[in-house]
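# Coordinates in review
Here are the chains, one letter per residue:
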Amino acid sequence: KNQVEQSPQSLIILEGKNCTLQCNYTVSPFSNLRWYKQDTGRGPVSLTIMTFSENTKSNGRYTATLDADTKQSSLHITASQLSDSASYICVVSTNAGKSTFGDGTTLTVKP
Amino acid sequence: ETGVTQSPTHLIKTRGQQVTLRCSSQSGHNTVSWYQQALGQGPQFIFQYYREEENGRGNFPPRFSGLQFPNYSSELNVNALELDDSALYLCASSLPGRDTYEQYFGPGTRLTVT
């Protein structure tokens with residue numbers, strides 16, 4: 001069964017600090033992995049997309065890594081801001097276009 | 001903003017009633033997917049429409065049905081509402097083609113069933 005596990009479930013950090021969110025998956029055959037940011041009560045917004053051949057992708061202060069051998073991905077947030085408070089969702093898709101969503105990590109950035 | 005719009009924003013219904021949610025996809029996108037997101041969980045795939053035909057369905061009962069129109073806008077219909085149907089309903093449109101490689105999500109409709 002295709003699964004996506006994210007950790008931690010929630011995280012609280014101080015403004016300006018860095019953090020790393022984890023995503024482990026068992027989706028096969030792998031096509032791509034996406035990280036989304038979802039503000040409370042809003043739709044997810046894409047941060048990064050990585051295919052099998054990519055092992056890192058950056059979008060401003062967000063950097064995602066992918067290890068296709070161990071089936072792990074991480075999302076690193078640098079110099080966090082209050083506006084980074086949100087849920088971060090990892091989504092892994094197969095070649096057939098079937099997507100499996102993780103339950104997300106809820107990040108709270110405090111001043 | 002992704003260009004995907006949904007209506008209404010919030011909705012309160014009574015158990016047993018029927019509801020219709022609407023989604024307008026981003027210009028040029030012919031694929032629309034619907035998701036149900038319970039509080040604290042990731043979105044769960046309901047079904048997808050490609051060029052007005054259903055193109056894949058998740059583990060949801062037949063009382064969840066949909067439509068896609070020639071302009072690629074879409075509706076999600078839920079009959080015989082149950083309390084557990086309370087959730088955020090998201091639609092996502094995709095770039096031309098059948099792949100869900102790049103999805104653009106709408107803001108969602110918050111449905112509360114009492």
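Everything here concerns the structure above.
Residues numbered from 1 in each chain as written. Chains lettered and ligands numbered in written order. Predicted model: local features only at pLDDT ≥ 70, side-chain atom pairs only at ≥ 80, totals over all residues. Heavy atoms only, no water.

### So, the interface of chain A and chain B
Residue-level contacts link 19 residues of chain A with 19 residues of chain B. Counting each side, the surface lost to burial between chain A and chain B is near 1500 Å², with a carbon and sulfur contribution of 48%. Among the residues of chain A in contact with chain B, Pro44, Phe101 and Asp103 of chain A are the three that bury the most area, contributing 29% of the side total. Here chain A and chain B share zero salt bridges between them. Secondary-structure elements contributing two or more residues to the side of chain A that touches chain B are β4 (30-38), β5 (45-51), β9 (86-94) and β10 (99-101) of chain A. Examining the composition of the side of chain A that touches chain B, we find that four residues originate from one element, β4 of chain A, more than from any other. (Contact = heavy atoms within 4.5 Å. Buried area = accessible area lost by both parts, 1.4 Å probe. Salt bridge = Lys/Arg side-chain N within 4 Å of Asp/Glu carboxyl O. Helix = DSSP H or I, 4+ residues; strand = E, 2+ residues; numbered from the N terminus.)

### A word on the state of the cysteines
Residues and elements named next belong to chain A. What the rule picks out here adds up to two disulfides over all chains. Between the sulfur atoms of Cys23 and its disulfide partner Cys90 the distance amounts to 2.1 Å. Taking the sign of the S-S torsion, about -65° here, the bridge from Cys23 to Cys90 comes out left-handed. Of the two residues, Cys23 is situated in strand β3 (residues 19-25) and Cys90 in strand β9; the sequence distance between them amounts to 67 residues. (Disulfide = S-S within 2.5 Å.)

### Quick look at the packing of aromatic side chains
For any two aromatic rings, the description comes down to two numbers: the centre-to-centre distance and the angle of the planes. Applying the stated criterion across every chain, the model contains nine aromatic pairs over all chains. Ring centres of Tyr35 of chain B and Phe105 of chain B lie 5.7 Å apart, and the angle between their planes is 45°; on these two criteria the pair is classed as tilted. Taken as a pair, Tyr35 of chain B in strand β4 (residues 31-37) and Phe105 of chain B in strand β10 (residues 103-105) lie far apart in primary sequence, 70 residues in all. You can call Phe105 of chain B buried: its relative accessible area is 3%. An aromatic cluster of three or more residues is present, and its members are Tyr36 and Phe101 of chain A together with Tyr35, Phe45 and Phe105 of chain B. Above the plane of the ring of Tyr62 of chain A lies Arg61 of chain A, whose end atom (NZ or CZ) is 5.7 Å from the centre. (Phe/Tyr/Trp six-rings, centres within 6.5 Å; stacked < 30°, edge-to-face > 60°. Buried < 20%, exposed > 50% of the residue type's maximum accessible area, 1.4 Å probe, protein only. Lys NZ or Arg CZ within 6 Å of the ring centre and 35° of its normal.)

In short, the description is geometric, and any link to function would need to be established separately.
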